[in-house]
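Structure assessment
Read off the chains here:
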Amino acid sequence: GAVVSQHPSRVICKSGTSVKIECRSLDFQATTMFWYRQFPKQSLMLMATSNEGSKATYEQGVEKDKFLINHASLTLSTLTVTSAHPEDSSFYICSAKTAGGTLSYEQYFGPGTRLTVT
Amino acid sequence: SQKIEQNSEALNIQEGKTATLTCNYTNYSPAYLQWYRQDPGRGPVFLLLIRENEKEKRKERLKVTFDTTLKQSLFHITASQPADSATYLCALETGGFKTIFGAGTRLFVKA
């Protein structure tokens, strides 16, 4: 149980284009989903928190117009990197948690998406 | 600001020995603390959660301690195996359901 998937696992795009990354909770309803990015040998840095049906809350320093987050349903959140640049190349990871029950304190992560902008 | 420190140096141990990883935190009093395993190129996998009123928690070969006075958690893997080689992350939940992570400690278990 508590499986989170991400698609695609790897993507290479040209500078200036936009890329959409999907995050799905496969066997539970995720009231809250999180998006992180991780640079090599560094910790996960929280980018934004999204709750189903409402606008995402972005961390300080994260451009909301550049990283568009949509949490359209209890099982799907998307992150769109708009007008991507090489400095956006990173490992993007989503996670999901429920509001209650046995999973409430545990955060389940997707396998990550490696974005390379050329 | 809240800060989590994990030993950035890799830990190398021999198979069968006990690995002990340390997590220290400052400027916060978390209600619970979590440990995750992360393999290269993969997302973290939840291992254990320990609450502030729990001194110790075990799961198979894993043991976690939580000392809220020292603001420290220790993560032990007994009878370690090469398959245990990975990066282990310590995490705390701050207000508003946000989680902050340490940078992780890389563990290498030699056969």
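The present account deals with the structure reproduced in this document. Note that the structure is a prediction, hence the values are computed from the model and not measured. (Residues numbered from 1 in each chain as written. Chains lettered and ligands numbered in written order. Predicted model: local features only at pLDDT ≥ 70, side-chain atom pairs only at ≥ 80, totals over all residues. Heavy atoms only, no water.)

**Some details on the packing of aromatic side chains**
Taken as a whole and assessed by the stated rule, the structure comprises 13 aromatic pairs over all chains. The interplanar angle of 55 degrees and the centroid separation of 6.3 Å between the aromatic rings of Tyr108 of chain A and Phe46 of chain B together place this pair among those described as tilted. A residue pair is termed interchain when its members come from two chains, as with Tyr108 of chain A in strand 10 (residues 108-109) and Phe46 of chain B in strand 5 (residues 45-51). Assigned by exposure class, Tyr108 of chain A and Phe46 of chain B land together as buried. Residues Tyr36 of chain B and Phe46 of chain B carry aromatic rings whose centres are separated by 5.7 Å and whose planes lie at 75 degrees to one another, so their mutual orientation is edge-to-face. Taken together, the residues Tyr36 of chain B in strand 4 (residues 32-38) and Phe46 of chain B in strand 5 connect sequence positions 10 residues apart. The pair formed by Tyr36 of chain B and Phe46 of chain B is uniform in burial state, with each residue classed as buried. Cluster of aromatic residues (ring-pair linked, three or more members): Phe28, Phe34, Tyr36, Tyr108 and Phe109 of chain A together with Tyr36, Phe46 and Phe101 of chain B. (Phe/Tyr/Trp six-rings, centres within 6.5 Å; stacked < 30°, edge-to-face > 60°. Helix = DSSP H or I, 4+ residues; strand = E, 2+ residues; numbered from the N terminus. Buried < 20%, exposed > 50% of the residue type's maximum accessible area, 1.4 Å probe, protein only.)

**Observations concerning the state of the cysteines**
A complete count under the given rule lists two disulfides over all chains for this structure. Across a sulfur-sulfur distance of 2.0 Å, Cys23 of chain A and Cys94 of chain A are joined as a disulfide pair. On the sign convention where negative is left-handed, the bridge of Cys23 of chain A and Cys94 of chain A, at about 80 degrees about the S-S bond, is right-handed. Of the two residues, Cys23 of chain A sits in strand 3 (residues 19-25) while Cys94 of chain A sits in strand 9 (residues 90-97), which places them 71 residues apart along the sequence. A relative accessible area of 0% places Cys23 of chain A in the buried class. On the accessibility criterion, Cys94 of chain A (0% relative accessible area) is buried. Disulfide partner of Cys23 of chain B: Cys90 of chain B, at an S-S distance of 1.9 Å. Since a negative S-S torsion denotes a left-handed disulfide, the Cys23 of chain B-Cys90 of chain B link at about -60 degrees is left-handed. Taken together, the positions of Cys23 of chain B in strand 3 (residues 19-26) and Cys90 of chain B in strand 9 (residues 86-93) put the pair 67 residues apart, joining distant regions of the chain. We classify Cys23 of chain B as buried; its relative accessible area is 0%. Residue Cys13 of chain A stays outside any disulfide, its sulfur separated by 18 Å from that of Cys94 of chain A, the closest cysteine. (Disulfide = S-S within 2.5 Å.)

**Thoughts on the environment of Leu46 of chain A**
In this structure, Leu46 of chain A sits in strand 5 (residues 45-51). Sequence spacing of Leu46 of chain A and Leu68 of chain A is 22 residues, and the spatial spacing of their C-alpha atoms is 14 Å.

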